[in-house]
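These are the residues of each chain, in order.
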Amino acid sequence: MSLDSVERDAVLVTRGLTKTYGSVRALRGVSLEVKRGEIFGLLGPNGSGKTTTIRILLGMLRATAGEARIAGLDSWTQSVEVRRLVSFLPGEIRLFGHFTGRRMLRFLSRLRDGVPYEAAVALAEGPLGLGPALDRKVRGYSTGMKQKLALAQAFADPVEILILDEPTSALDPSARALVLDLVRQARQRGQTIIFSGHVLSEVEKVCDRVAIMRTGRLLWVEDLAHRRRGYRLLLLRFADPQSVPTSWPEHLELQLREWVDPRTVLMEHRGAPPPLLDWLAQTPLIDLAIGTDDLQSLYDRYHGPNALSDDEVEDYNPWRSLPSHHGTARPNGANTNIPREDLVA
Ligand SMILES: Nc1ncnc2c1ncn2[C@@H]1O[C@H](COP(=O)(O)OP(=O)(O)OP(=O)(O)O)[C@@H](O)[C@H]1O
């Protein structure tokens, strides 16, 4: 597929990104799109490929195959231009130990034309709480203090895109909350933020969408903004494909989310239960499950003790409590609202 066909509002795009290090397959065909102005989370256990994806996007690593673009620029061949558009907080922060915090910020802002030194100092001294420590040598900083200094620099940068690799990993709880606020403020200013992390509750609070990775694959992209608007999930199973209702009263606030197999649908429902129950009572259901799923349970489908195997991921059933099927649903979000005719032919 040509990248020209990508949605116009996608500011970061990868297509079929693959990276091998000798025999290690760090990425196996990762395709994702991040829209302008959204907070996009990258989740996955250690070694799943988050940092590799970020480093390829920034042009710090060359992909073995596939493409990565930022604002239409090729991450590898136009990496200098790409890096001008991006403020990057690396997972491993390396600073000059013999510099004071203040001198380090001045040095970094000179390196990056246009990053206001005063804004970085104000963030570091004020909300991030480094205060007088800014006049101490960085070699005496704790890991969390170094992370705060780097965060001050990253958030002071008025660039279009912020890429934060585990931005809260070394921080205490109040500093973590503050970083989440800074992320929200950055979005209000119109910046696009990619955020990798391991703390699901944080990701759930701030991200608009989240991608779940495993062993170099992107398994699922979830729209958390949509989820926050509140709905319950209904898994409805019918005796045969012909019994699946093709329409329902509008006042039910019911929406098809996914065909699990030709006789099973996953639906979203808002609003009061009684009208829904009345309608369900008139349908030829043979099985029903109602519930909500939080980010933890979504994550556990791929990484918990009962995680889906690679084969099951290929043949995804969103609710494990029911027998799995050889369905048409695919775990990339692209299967929603598949026309019924495609399934019951
Ligand atoms: N320079 C390298 N040489 C060899 N293998 C590498 C190299 N960098 C990364 N890898 C491998 O690539 C895979 C993906 O690593 P990556 O750092 O992208 O994971 P991650 O999801 O960011 O992990 P973490 O959560 O621990 O930061 C791992 O198997 C890792 O061992």
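- As annotated in an unreviewed UniProt entry, the chain is ABC transporter related protein from Isosphaera pallida.
- As recorded by UniProt, the Sequence similarities (unreviewed entry) comment attached to the chain reads in full: "Belongs to the ABC transporter superfamily."

### Description of the overall build of the chain
Here's step 1: The helix and strand tally for the chain stands at 12 helices and 14 strands.
Here's step 2: Burial analysis of the chain (345 residues in total) assigns 49% to the buried set.
Here's step 3: Per element, the accessible surface of the chain, about 16,200 Å² overall, is 50% carbon and sulfur.

### Things to note about the sheet that holds strand 9 (residues 209-214)
Working definition: the strands of a sheet are paired by backbone hydrogen bonds and lie parallel or antiparallel to each other.
Here's step 1: Read from one edge to the other, the open sheet built from 6 strands follows the order 6-7-8-3-9-10, with strand pairing classed as mixed. Unpaired on one side and paired on the other, strand 6 (86-89) and strand 10 (217-223) mark the two borders of the sheet. Taking the axes of each pair of neighbouring strands and ignoring which way they run, one obtains an average angle of 15° across the sheet.
Here's step 2: Where strand 7 (residues 161-165) lies against strand 8 (residues 192-197), 5 bridges are found, and the strand directions are parallel. By the bridge assignment for strand 8, I161 is matched with T192.

### Digging into the pattern of salt bridges
Here's step 1: Going through the model one piece at a time under the given rule, you end up with 11 salt bridges.
Here's step 2: A salt bridge links D181 to R184; the shortest N-O distance between them is 2.9 Å. With D181 and R184 both in helix 6 (residues 173-188) and 3 residues apart, this pair spans about one turn of that helix.
Here's step 3: On the basis of relative accessible area, R184 is assigned to the partly exposed category, the value being 27%.
Here's step 4: R270 serves as the salt-bridge partner of E268, at 3.7 Å between the closest nitrogen and oxygen.
Here's step 5: With relative accessibility at 6%, the residue E268 sits in the buried group.

### A word on the sheet that holds strand 13 (residues 264-269)
Here's step 1: Taken in spatial order, the 4 strands of this open sheet run 12-13-11-14, and their pairing is antiparallel. Two strands close off the open sheet at either side, each with one partner strand: strand 12 (254-261) and strand 14 (285-291). The average undirected angle you get between the axes of adjacent strands in this sheet is 20°.
Here's step 2: Where strand 11 (residues 232-238) meets strand 13, 6 bridges bridge the pair, whose relative direction is antiparallel. Looking at the pairing, L234 lines up with M267 of strand 13.

### A closer look at the environment of W76
Here's step 1: Looking at the secondary structure, you find W76 in the loop between strand 5 (73-74) and helix 2 (79-85).
Here's step 2: For W76, a relative accessible area of 36% corresponds to the partly exposed category.

### Some words on the site of the ligand
Here's step 1: Near the ligand, the surroundings consist of 13 residues, among which N46, G47, K50, T51 and T52 are the closest.
Here's step 2: G47 places a main-chain nitrogen or oxygen 2.8 Å from an oxygen atom of the ligand.
Here's step 3: In this structure, S48 approaches the ligand through a main-chain N or O atom, which is 3.1 Å from an oxygen atom.
Here's step 4: Out of a free accessible area of 640 Å², the ligand has 60% covered by protein chains.
Here's step 5: Broken down by element, the residue count for the shell around the ligand peaks at 3 residues, all from helix 1 (residues 50-57).
Here's step 6: For the shell around the ligand, a count of residues per class yields 4 nonpolar, 7 polar and 2 charged.

### Observations regarding a positive patch on the surface
Here's step 1: Together, R103, R106, R110, K137 and R139 give the surface a local cluster of positive charge.
Here's step 2: Relative to the assigned elements, R103 resides in helix 3 (residues 101-111).

### Brief notes about the confidence of the model for the chain
Here's step 1: For the chain, the average pLDDT comes to 83, and 86% of its residues sit at 70 or higher.
Here's step 2: Per-residue pLDDT stays below 50 along residues 1-7; that stretch engages in 11 contacts with residues further than four places along the chain or on separate chains.
Here's step 3: Residue range residues 316-345 is modelled with pLDDT below 50. Its contacts to residues more than four positions away, or to other chains, number 72 contacts.
Here's step 4: Interface confidence for the predicted complex, given as ipTM, is 0.97, next to a pTM of 0.77.

### Some remarks on the side chain of S75
Here's step 1: Summarising the element assignment, S75 is placed in the loop between strand 5 and helix 2.
Here's step 2: By relative accessible area, S75 is classed as buried at 1%.
Here's step 3: Among the polar contacts made by the side chain of S75, one reaches the main-chain carbonyl oxygen of L57 at a distance of 2.7 Å.
Here's step 4: Every residue in contact with S75, bar those within four places of it in the chain, is listed here: I56, L57, L58, G59, A68, R69, I70 and V82.

### Here's the deal with a nonpolar patch on the surface
Here's step 1: Side chains of F96, F107 and L111 sit close together on the surface and give an oily, nonpolar patch of about 280 Å² of accessible area.
Here's step 2: Tracing the chain through its elements places L111 in helix 3.
Here's step 3: For L111, a relative accessible area of 60% gives the class exposed.

### Some words on the packing of helix 3 against helix 4 (residues 117-125)
Here's step 1: At a closest axis distance of 9 Å, the pairing of helix 3 and helix 4 adopts a crossing angle of 145°. In the crossing of helix 3 with helix 4, the sense of the turn from one axis to the other is right-handed. Residues R102, L105, R106 and S109 of helix 3 form the contact with helix 4, whose own contacting residues are Y117, A120, V121, A124 and E125.
Here's step 2: Along the lines of polarity and charge, the residues of the contact of helix 3 with helix 4 split into 5 nonpolar, 1 polar and 3 charged.

The rules behind each value
- Residues numbered from 1 in each chain as written.
- Predicted model: local features only at pLDDT ≥ 70, side-chain atom pairs only at ≥ 80, totals over all residues.
- Heavy atoms only, no water.
- UniProt positions renumbered as here; feature names shortened; annotations may be inferred.
- Helix = DSSP H or I, 4+ residues; strand = E, 2+ residues; numbered from the N terminus.
- Buried < 20%, exposed > 50% of the residue type's maximum accessible area, 1.4 Å probe, protein only.
- Areas by Shrake-Rupley, 256 points an atom, 1.4 Å probe, with all protein chains shown as cover.
- Pairing = 2+ DSSP bridges.
- Axes fitted to C-alpha atoms, helices over the stretch in contact; angles between N-to-C directions.
- Salt bridge = Lys/Arg side-chain N within 4 Å of Asp/Glu carboxyl O.
- Near = heavy atom within 4 Å.
- Polar contact = N/O pair within 3.5 Å; in protein donor to acceptor, adjacent residues only side chain to side chain.
- Nonpolar A, V, L, I, M, F, W, Y, C, P; charged D, E, K, R; others polar.
- Patch = residues over 30% accessible without salt bridge, like charges linked within 9 Å, V, L, I, M, F, W, Y side chains within 5 Å.
- Lys, Arg positive; Asp, Glu negative; His and termini not counted.
- Charge placed at Lys NZ, Arg CZ, Asp CG, Glu CD.
- pLDDT = per-residue confidence, 0-100.
- Contact = heavy atoms within 4.5 Å.
- Left-handed = near helix turned anticlockwise from the far one by under 90°.

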